[in-house]
Amino acid sequence: MKITTKINLITTAWMLCIMIPINVVVFILFMKTTINMEEDMQNQKAADIIKDLDTLSSSSDMEKKLKDYLTFHSYIRIMQPKNRVIFEVTNDRLLSKKMKGKYTENPYAETHLITAENGEEEVLVTRFPIPKGNQLSGSLEIGERLIGLEARKELLRAILGFCTVLGASISLLGGRWLANLIMRPISNMIHTMEEIEKSGVPKGITIQNQTKDELQTMASTFNRMIEKLQVNMERQKQFVSDASHELKTPLTVIKSYANFLKRHGLEDKEMAEEAIQAIHAEATRIQKMTETFLDLAALENENIIELKEVNLVVLCQTIFKQLKDVYRREITLFSTESPIIIQADELKIKQVIIILLDNAIKYSHGRIEVFLEMNQQQAIVRVKDYGIGIPQEEIDHIFERFYRVDKARSRETGGTGLGLHIAKSIMKLHKGEIEIESKVGLGTTVKLILPA
Ligand SMILES: Nc1ncnc2c1ncn2[C@@H]1O[C@H](COP(=O)(O)OP(=O)(O)OP(=O)(O)O)[C@@H](O)[C@H]1O
Ligand SMILES: [Mg+2]
């Protein structure tokens, strides 16, 4: 079932649930008060009759007098013990025949439902004992068909019925309007989603009026999500194009050397040797590059880091030992205190420090220094080299993917321009920062700031 139909039916059902009991209560109260009023009037009439009875002498007088009190559909009786009727005047023979008389010593009133020519009718009967000391003894009984009440009852029923139907219809229409109002943005969204599904191109929803309600929040959230998706798709596209571009260069070198070998074989031993060397070097470069790509892809996909206590002093010492064996370069550690404990993902922080040391090794020949500091809020790692440095205007760009200051020089050193980008991403995951200070020809200092 459509949600609009559901809302419509629920509001109408709810409306009926409220209206029907209210109508029933109104109806019952109306009947009760009307009968009470009729009863009061009949009580008054009975008191008047009893007063008059005392003054009358003959039974013909009595008949005349009592007939004055008769309405169109009523009877008046004088009763004696054993329910004996000793006197009766009536305008409605049928009614007096249907209603059996009753003698009473206590006053009371009751209503009876009788069958009449057109359906059923209510009859009000009041009975009063005639006080002792009166000329007559016994009790007085007045019966009257409440014809006016019947008519009013029908009218009220019709009015209440009409109001209920009208209420339900208005509720149906209102429910439809309400459901449409609620559903419009949702339908828009569904429509847009279907379009995205068909075309595969993410796009946002047009928000017509600024209502500041949940639906608008939902639409803007959807739009924000789509925007993020678009940015990600754009990035992915850019990455694929950058990556393939990066791979193209070494592949071209490999292909041209391979062609050379195909044509000349091993005739020229020296040239052949060079070709093989170059092919090997480029293949190694591609292998390293793909490893970095995978690293980066993993980093961009999983935004989760496993935080645990890491001692930066011990971590640096371990890294230095591993690098010293491979590169044979002097790296010195300066630490203001020991241990320096932070909450971090050990493997990822290790990766960042290696990226920085790798750069320092590649882009300098002298000594390399690492400084560790710790204060109340943060731990600071500084990697300092005395190498070629980076021109000031390039510093803003070197965190971009595949960005290298001097492409020719970087080719010699075998970089892909991804190292610092990866380092920055990892620092971001740790809510830390990475800063660079550098002077061309003097050296570079990279500063890592990690929350303690
Ligand atoms: N310590 C440094 N001294 C001088 N230049 C640097 C230093 N660190 C980075 N750079 C410059 O910034 C560029 C980007 O560095 P990044 O580490 O991102 O890439 P890469 O070293 O070229 O390649 P990769 O690290 O991916 O193998 C480098 O190409 C280099 O020109
Ligand atoms: Mg690097």
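Because the structure is a prediction, the values reported are computed rather than measured.

1. Points about the sheet that holds strand β12 (residues 443-451)
And step 1. Strand order across the open sheet formed by 5 strands is β7-β9-β10-β12-β11, with mixed pairing between neighbours. Unpaired on one side and paired on the other, β7 (331-335) and β11 (433-439) mark the two borders of the sheet. Taken over all neighbouring pairs, the strand axes of this sheet differ in orientation by 15° on average, direction set aside.
And step 2. Here strand β10 (residues 378-385) pairs with β12 via 8 bridges, running antiparallel. Its bridge partner lying in β12, Ala-379 is registered against Leu-450.

2. Remarks on a nonpolar patch on the surface
And step 1. Together, Trp-14, Ile-18, Ile-22 and Val-26 give the surface a local cluster of nonpolar side chains, amounting to about 400 Å² of exposed area.
And step 2. Note that Ile-18 resides in helix α1 (residues 3-53).
And step 3. The class of Ile-18 is partly exposed, set by a relative accessible area of 40%.

3. Some thoughts on the domain arrangement of the protein chain
Size of an interface, as often reported, equals the accessible area lost when the parts are brought together.
And step 1. Along its sequence, the protein chain is carved into domain 1 (3-156), domain 2 (238-301) and domain 3 (308-451).
And step 2. Here the C-alpha centroids of domain 2 and domain 3 sit 27 Å apart.
And step 3. The partner domain 3 presents 15 residues to the 15 residues of domain 2 that form the contact.
And step 4. At the surface where domain 2 touches domain 3, the tally comes to 1 salt bridge.
And step 5. Across the pair Arg-404 and Glu-246 runs a salt bridge whose closest N-O atoms are separated by 3.3 Å.
And step 6. Connecting domain 2 to domain 3 are 2 residue pairs in polar contact (both at pLDDT 80 or more).
And step 7. Elements with a minimum of two residues in the side of domain 2 that touches domain 3: α5 (214-264) and α6 (269-301).
And step 8. With 9 residues, the top contributor of residues to the side of domain 2 that touches domain 3 is α6.
And step 9. Counted by class, the side of domain 2 that touches domain 3 contains 6 nonpolar, 3 polar and 6 charged residues.

Cut-offs and rules
Residues numbered from 1 in each chain as written. Chains lettered and ligands numbered in written order. Predicted model: local features only at pLDDT ≥ 70, side-chain atom pairs only at ≥ 80, totals over all residues. Heavy atoms only, no water. Pairing = 2+ DSSP bridges. Helix = DSSP H or I, 4+ residues; strand = E, 2+ residues; numbered from the N terminus. Axes fitted to C-alpha atoms, helices over the stretch in contact; angles between N-to-C directions. Patch = residues over 30% accessible without salt bridge, like charges linked within 9 Å, V, L, I, M, F, W, Y side chains within 5 Å. Areas by Shrake-Rupley, 256 points an atom, 1.4 Å probe, with all protein chains shown as cover. Salt bridge = Lys/Arg side-chain N within 4 Å of Asp/Glu carboxyl O. Buried < 20%, exposed > 50% of the residue type's maximum accessible area, 1.4 Å probe, protein only. Domains from an automatic or database assignment. Contact = heavy atoms within 4.5 Å. Polar contact = N/O pair within 3.5 Å; in protein donor to acceptor, adjacent residues only side chain to side chain. Nonpolar A, V, L, I, M, F, W, Y, C, P; charged D, E, K, R; others polar.

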